[in-house]
Amino acid sequence: MATPKSAYSLSSRIKVKPPAYVFATCIIDSAQMYHNEREVGRAILRFLEAEKNKPNGVKREDIFFTSKLASNISYDATRRSIKESIRASGLGYIDLFLIHAPYGGKAKRLECWRAIEDAIADNEIRTGGVSNYGVKHLKELLASNPRIRPAVNQIEVHPFNTRSEITSFCQENGIVVQAYAPLARAYRMRHPTIVSLSQKYGCTPAQLMVRWSLQHGYVPLPKSVSKERIISNGQIEGFEISAEDMKTMDGLDEYLVTDWDPVDAP
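Conventions we followed
- Residues numbered from 1 in each chain as written.
- Predicted model: local features only at pLDDT ≥ 70, side-chain atom pairs only at ≥ 80, totals over all residues.
- Heavy atoms only, no water.
- UniProt positions renumbered as here; feature names shortened; annotations may be inferred.
- Helix = DSSP H or I, 4+ residues; strand = E, 2+ residues; numbered from the N terminus.
- Pairing = 2+ DSSP bridges.
- Axes fitted to C-alpha atoms, helices over the stretch in contact; angles between N-to-C directions.
- Contact = heavy atoms within 4.5 Å.
- Buried < 20%, exposed > 50% of the residue type's maximum accessible area, 1.4 Å probe, protein only.
- Right-handed = clockwise from strand over helix to strand, strands pointing away.

- An unreviewed UniProt entry annotates the protein chain as D-xylose reductase [NAD(P)H] originating from Rasamsonia emersonii.

Digging into the UniProt feature "site: Lowers pKa of active site Tyr" (unreviewed entry) in the protein chain
Okay, so step 1: Taking the UniProt record as the reference, the feature "site: Lowers pKa of active site Tyr" (unreviewed entry) is found at Lys 68.
Okay, so step 2: Topologically, Lys 68 is positioned in strand β2 (residues 64-69).

Re the sheet that holds strand β7 (residues 219-221)
Okay, so step 1: Taken together, 7 strands build an open sheet; the order of strands is β1-β2-β3-β4-β5-β6-β7 and the sheet is parallel. Edge strands, defined here as strands with exactly one partner in the open sheet, are β1 (27-29) and β7. Looking at each pair of strands side by side, their axes are set apart by 30° on average, direction ignored.
Okay, so step 2: Relative to strand β4 (residues 125-131), strand β3 (residues 94-99) runs parallel, the two being bridged by 5 bridges. Bridge pairing links Leu 98 to Gly 129 in β4.
Okay, so step 3: In the packing of helix α4 (residues 106-121) onto the sheet, contacts are made with β2, β3 and β4, and the angle to β4 comes to roughly 160°.
Okay, so step 4: Where helix α6 (residues 164-172) meets the sheet, it contacts β5 (152-156) and β6 (176-180), and its direction lies at approximately 165° from that of β5.

Topic: the UniProt feature "binding site: substrate" (unreviewed entry) in the protein chain
Okay, so step 1: Annotation from UniProt places "binding site: substrate" (unreviewed entry) at His 100.
Okay, so step 2: Residue position: His 100 is located in the loop between β3 and α4.
Okay, so step 3: Classification of His 100 by relative accessible area gives buried; the value is 4%.
Okay, so step 4: Dropping the residues within four chain positions of it, His 100 is found in contact with Ala 31, Met 33, Tyr 34, Lys 68, Leu 69, Ser 131, Asn 132 and Trp 260.

Describing the pairing of β6
Okay, so step 1: The buried fraction of β6 amounts to 4 of the 5 residues, a majority that puts the element mostly inside the structure.
Okay, so step 2: As paired strands, β5 and β6 are joined by 5 bridges and run parallel to one another. Counterpart to Gln 154 in the pairing with β6 is Gln 178.
Okay, so step 3: Since β5 and β6 lie parallel, the crossover through α6 that links them has a hand, and here it is right-handed.
Okay, so step 4: Note: β6 against β7, 3 bridges, orientation parallel. Note that in β7 the partner of Gln 178 across the bridge is Val 219.

Laid out in structure tokens, this is it:
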């Protein structure tokens, strides 16, 4: 199907062949910074070509492709970069386009958001959002009376970094929290509480953490290069974490940052 260089990404650069099980998740997360929009797009297009003649084959509209702005430079630079992302992916449009980080200062952030609004008006992207925005940045954007409010804030969230102030603000203001690194990049899979609760619920530590995210109302973006783990991570419908155990998991917060942390950028 796809070459070994094809990239399927849920929260980072992940190189796997994209068979049907991959696209059951629908969300495919890329970014200009990952340098994989072309490879991801080609893998999707090859998959769609193979699905074309099937009675219930997957169509372009069944796939939710996300990309992100690498740098907050200017309105014009943002418009150009969105067009380039569309061209590179070959998908015709981008379902969700995010400002990847709140760097550059207030004026640049708002200028780039205006470019996203205009790209939505021109049908280049379907939905706009932000990533790694702290409460300060979200308040700043909402206070600017945008024509289009951000639909998503994609941030690192897991039981060991709950970011309750940011997530509460998002939910109070109708902004969906997409949780990247919801498994804390496996750094705490052997934590006694995680091990104990996963045994209690008859699930894997990863399934427990994905379930925690969902029960908080977030959209988790688990990452894996393994077909088996990708499938397993989605098999979380057979149990529900009790309110008491959710509170216990919330209490694991240690502000564990597994990658970068721009939420306090000036």
